Amino acid sequence: MAASETFSSQSYIQHHLTNLTFGWHPEHGLTLAHDQAEAAAMGFWAINLDTLFFSILLGALFLWLFKQVAERVTAGVPGGAQNFVEWVVEFVEENVRGSFSHRNPLVAPLALTIFVWILLMNAMDLIPVDLVPHLFSQLMAVLLGADPHHVYLKIVPTTDPNATFGMAIMVFLLMLYYSLKMKGVGGFIVELTLQPFGKWGLPANLILEGISLLSKPVSLALRLFGNMYAGEMIFILIALLYGGGLLLAGTAGLLQFVWAVFHILIVILQAFIFMVLTVVYLDMAHQEHH
Amino acid sequence: MNINLTLFAQMITFAVFVWFCMRYIWPPIIKALAERKAKIAEGLAAAERGHQERLLGEQRALELIREAKSSAAEIVGQAQKRAAEIIEEAKLDARAEGDRLLAAARAEIERETNRTREELREKVALLAIAAAEKILQKEIDLADHRALVEDFAKQL
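Predicted, not measured: the structure shown is a model, and the values here were computed from it.

1. A look at the sheet that holds strand E3 (residues 46-48) of chain A
Residue and element names in this part refer to chain A.
And then number 1: Within the open sheet, the three strands sit side by side as E2-E1-E3. Their pairing is antiparallel. With partners counted over all chains shown, the strands left at the sheet margins are strand E2 (29-32) and E3, one partner each. Averaged over all pairs of adjacent strands, the angle between their axes in this sheet comes to 15°, without regard to strand direction.
And then number 2: Summarising the sheet, strand E1 (residues 21-25) and E3 pair through three bridges and their orientation is antiparallel. Following the sheet pairing, Gly 23 is matched in E3 by Ala 46.

If you want it as structure tokens, here you go:
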């Protein structure tokens, strides 16, 4: 589905960047949004079905695969699947042990979930950009008689800030919880107000520490979102070239391959960064200052 | 790209996933890994122990061989000494036996000589008497001179 006369470059890009949103529209009632304006009109009380569906699908895939192994795990000679799962688990555990110096049974499973789940969600980016959305819109057109141009689908959940902020906010809540639990309310307030400048610089301390605290989840979410969104955008732009004749299409094929190879690195790296930073932030939350 | 209810849905999803992972996935896998680690450590320790035991056994065997060699040498030495002694004894016995036999033979010879000499003396006496008889038959009466002849024969 490349750029054509009826389907301009701009609308092509727009189409790819719009979620399948379901919600309460002030005029049309409870419905699927037919364009970005409708989705925006739905405001907060709407759900991105595609983000939710693919993130839960991939999360369930991850949990199912690992559960299969966990059920028949053996201390003897491991089989292929167990070998792979153990490799991932050991990789995560090593990283957690390296950056987390306290005892908390939550952190390592949290890190594993974050790493594998984000990795899977990011990896959806490597599926050709048009394939699934196109099939989906054709299917909807056949099944429900919907206009294929207004059936949206984003298959990479991490290009939706809802997904990345969802995780980052949960991590932030955990940070707050463990800060309060380990340091006490007083200790946490002291940490926020009495450093780095001592008690006479209290307002400055509060501003600095407050910003640094809040910037953690924001940067966590935006880094992942930004990287994946940009990567997706490049794929979309490359896909546009396919409509520009043989030469451009050939160039696009080459570019797409090169970018996909490079993107594999980003896919893994972003999952890894999110995991490591989560662990580090939680480690900081556990640390007591004297 | 709007922030909407999906955010909360994602938060809940995330929390459920983490809980599930923490409850059902992480502990058994980590336990198996720890168990395998312990197993391997145990195996290595056992191998090390076996190695030590083998070294000890080798040492012990060498000691035994050395002991056996020295005791064998001792036994051989004793046997040689004993053999020499036996030979020496046999020599002494043989010499003593020889001496005894020699002495006995000598005594026998002595006896034989004496007996022969006695016989010879008697025969010479008889011969002398017979000769003297023949000579004296012409001159003297045997009866008269008998005492004289016997005296003479005793002197031979």
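2. Structural notes on the pairing of E1(A)
Residues and elements named next belong to chain A.
And then number 1: Two strands pair when backbone bridges link them, and E1 and E2 are joined in this way by four bridges, in the antiparallel orientation. Residue pairing in the sheet places Trp 24 in a bridge with Leu 30 of E2.
And then number 2: Hairpin remark: E1 followed by E2, antiparallel, with three residues in the connecting loop.

3. Considerations on helix H8 (residues 202-241) of chain A
And then number 1: The end-to-end C-alpha distance of H8(A) is 56 Å, a good match for the 58 Å that 40 residues give at a rise of 1.5 Å each.
And then number 2: Along H8(A), the sharpest kink reaches roughly 30°, centred on A:Ser215 and followed within four residues by the proline A:Pro217.

4. A closer look at helix H4 (residues 80-99) of chain A
Residue and element names in this part refer to chain A.
And then number 1: Here H4 is 20 residues long and its end C-alpha atoms lie 29 Å apart, about the 28 Å a rise of 1.5 Å per residue gives.
And then number 2: Buried within H4 are the following residues: Gln 82, Val 85, Glu 86, Val 88, Val 89, Val 92 and Val 96. Axial view of H4: buried residues confined to an arc of 165°, hence all on one face. Summarising the geometry of H4, the exposed residues directed more than 90 degrees from the buried face are Gly 80, Trp 87, Glu 94 and Gly 98.

5. A few points about the interface of chain B and chain A
One frequently used descriptor of interface size is the decrease in accessible area upon assembly of the parts.
And then number 1: Each partner contributes residues to the interface: chain B has 30 residues there, and chain A has 56 residues.
And then number 2: Summed over both partners, the interface of chain B with chain A buries about 3800 Å², with 77% contributed by carbon and sulfur atoms.
And then number 3: At the junction of chain B and chain A, the tally comes to one salt bridge.
And then number 4: Its salt-bridge partner being A:Glu86, residue B:Arg36 comes within 2.8 Å of it at the nearest N-O pair.
And then number 5: The interface formed by chain B and chain A holds eleven residue pairs in polar contact (both at pLDDT 80 or more) in total.

6. What about the nonpolar core?
And then number 1: The biggest cluster of nonpolar side chains holds 79 residues, and the ones touching the most others in it are A:Phe66, A:Leu112, A:Phe274 and B:Phe14.
And then number 2: Within the residue set of this core, elements represented by two or more residues are helix H1 (9-16), helix H3 (49-71), H4, helix H5 (107-123), helix H7 (161-193), H8 and helix H9 (245-286) of chain A together with helix H1 (6-139) of chain B.
And then number 3: Residues in contact with A:Leu112, not counting those within four places in the same chain, are A:Phe62, A:Phe66, A:Val88, A:Val89, A:Val92, B:Cys21 and B:Trp26.

7. Here we look at the pattern of salt bridges
Residues and elements named next belong to chain B.
And then number 1: Scanning the model with the defined rule gives 13 salt bridges over all chains in all.
And then number 2: Between Glu 108 and Arg 111 there is a salt bridge whose closest N-O contact spans 2.3 Å. Of this pair, Glu 108 and Arg 111 both sit in helix H1, three residues apart, which is roughly one turn of the helix.
And then number 3: Residues joined in a network through salt bridges with shared partners are Glu 112, Arg 115 and Glu 119.

8. So, the packing of aromatic side chains
And then number 1: Taken as a whole, this structure holds 15 aromatic pairs over all chains when the rule is applied.
And then number 2: On the numbers, 6.4 Å between centres and 65° between planes, the contact of A:Phe235 with A:Trp259 is edge-to-face. With a gap of 24 residues between them, A:Phe235 in helix H8 and A:Trp259 in helix H9 connect regions that are remote in the sequence. Accessibility assignment for this pair places A:Phe235 and A:Trp259 in one class, buried.
And then number 3: Taking the ring centre of B:Tyr24 as reference, the NZ or CZ of B:Arg23 above it sits at 5.0 Å.

9. Observations concerning the confidence of the model for chain A
Residue and element names in this part refer to chain A.
And then number 1: The pLDDT averaged across chain A works out to 88; a share of 97% of its residues lies at or above 70.
And then number 2: Taken element by element, chain A is modelled with least confidence in helix H2 (residues 36-42), mean pLDDT 80, and with most confidence in H5, mean pLDDT 95.
And then number 3: Here residues 1-6 scores under 50 on pLDDT; set against residues more than four positions off or in separate chains, the count is nine contacts.

Calculation criteria
- Residues numbered from 1 in each chain as written.
- Chains lettered and ligands numbered in written order.
- Predicted model: local features only at pLDDT ≥ 70, side-chain atom pairs only at ≥ 80, totals over all residues.
- Heavy atoms only, no water.
- Pairing = 2+ DSSP bridges.
- Helix = DSSP H or I, 4+ residues; strand = E, 2+ residues; numbered from the N terminus.
- Axes fitted to C-alpha atoms, helices over the stretch in contact; angles between N-to-C directions.
- Expected span 1.5 Å × (residues − 1).
- Bend = angle between axes of the 7 residues up to and from the residue.
- Buried < 20%, exposed > 50% of the residue type's maximum accessible area, 1.4 Å probe, protein only.
- Arc of directions from axis to C-beta.
- Contact = heavy atoms within 4.5 Å.
- Buried area = accessible area lost by both parts, 1.4 Å probe.
- Salt bridge = Lys/Arg side-chain N within 4 Å of Asp/Glu carboxyl O.
- Polar contact = N/O pair within 3.5 Å; in protein donor to acceptor, adjacent residues only side chain to side chain.
- Core = buried A, V, L, I, M, F, W, Y, C linked by side-chain atoms within 4.5 Å.
- Phe/Tyr/Trp six-rings, centres within 6.5 Å; stacked < 30°, edge-to-face > 60°.
- Lys NZ or Arg CZ within 6 Å of the ring centre and 35° of its normal.
- pLDDT = per-residue confidence, 0-100.

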